[in-house]
Amino acid sequence: MLSESVGLEKQGYIAILRLNRPDDLNALNYETLVQLGEKIEELRLDVKETRVVILTASGKAFSAGADLKERRTLNEQQVRRNVNKIREVCTLLERLPQPTIAAMNGHAFGGGLELTLSCDFRYAVRGAKLGLTEVSLGIIPGAGGTQRLPRLIGIAKAKEWILTARRVDVEEALGCGLLQGVAEDQEHLMELYQQLASEILANAPLAVYQAKYAVDRGYSVDMQTGLDLEAKAYEVIIPTQDRIEALEAFREKRKPIFRGE
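The present account deals with the structure reproduced in this document. Predicted, not measured: the structure shown is a model, and the values here were computed from it. (Residues numbered from 1 in each chain as written. Predicted model: local features only at pLDDT ≥ 70, side-chain atom pairs only at ≥ 80, totals over all residues. Heavy atoms only, no water.)

Now for the sheet that holds strand β8 (residues 168–169). One open sheet accounts for three strands, arranged β5-β7-β8; its pairing is mixed. The open sheet has two edge strands with one neighbour each: β5 (108–109) and β8. For β5 and strand β7 (residues 129–131), the ladder comprises two bridges, and the chain directions are parallel. Each residue of the ladder has a partner; that of F109, found in β7, is G131. (Pairing = 2+ DSSP bridges. Helix = DSSP H or I, 4+ residues; strand = E, 2+ residues; numbered from the N terminus.)

Structure follows, in structure tokens:
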């Protein structure tokens, strides 16, 4: 039986995924990556009852990245296994239909930061440092960091961070557009992500999922292909009960009650 190095709790329609190895700065060993992947897959199949996903961690750090204590014991084949697993987990997280919010309660380095790059939104507490620091360890970001970070903050700034292995403060990350906001403490961090989650939850979940799909899939293709993707996503929404409910609520001058149907 694996120990619970990743927690999953529900608060209404919000699911909270929590890295839970605080004594090891939530370093990502293979066991943790397996559990995280399993829980993400569980959430993917639960779109009816889970409409927003929060990714956070226990303790003072969000994640120090790869577990270097474990990494020292691995042969080359096992290193490849671990890197493939975190790459797979980041892709699973990115492709969740539900909106995802990373709530960084402390430092996030390497693979830890790469997990947050796979989320739709990011917040961090003041005083936290962020960075893709892999080149200082003789490797490179291997879970999508070299691809996702440039798309978020621009290619030159991403190269600057990655090639220097710089540990960036949250104020700079906010200025670059990597973060949606900076919290004064963990209580304020919770307030920030709950506020964003509540605004999302006020809307029709199936429409939210299809809008996210259209933006994500259309971002890296040409305009016409993106427009075609948007049209197909719209077609999915036309037969839904929530669309009819929104029109009825407008007619009756009340707030709609969306059921995800």
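Attention now goes to the pattern of salt bridges. The final tally for this structure, using the stated rule, is 20 salt bridges. Ionic pairing is found between K212 and D120, a salt bridge with its closest N-O pair at 2.9 Å. Note that K212 is positioned in helix α9 (residues 205–218) and D120 in the loop between α4 (111–117) and β6 (121–125), a separation of 92 residues in sequence. Taking the relative accessible area as the measure of exposure, K212 reaches 10% and is therefore buried. Because the salt bridges share partners, they merge into one network encompassing E245, E248, R251, E252 and R254. (Salt bridge = Lys/Arg side-chain N within 4 Å of Asp/Glu carboxyl O. Buried < 20%, exposed > 50% of the residue type's maximum accessible area, 1.4 Å probe, protein only.)

Per the stated rule, a full pass over the model turns up zero aromatic pairs. Just above the ring of Y13 sits the side chain of R51; from NZ or CZ to the centre is 3.8 Å. Over the aromatic face of Y30 sits the side chain of R81, whose NZ or CZ is 3.9 Å from the ring centroid. (Phe/Tyr/Trp six-rings, centres within 6.5 Å; stacked < 30°, edge-to-face > 60°. Lys NZ or Arg CZ within 6 Å of the ring centre and 35° of its normal.)

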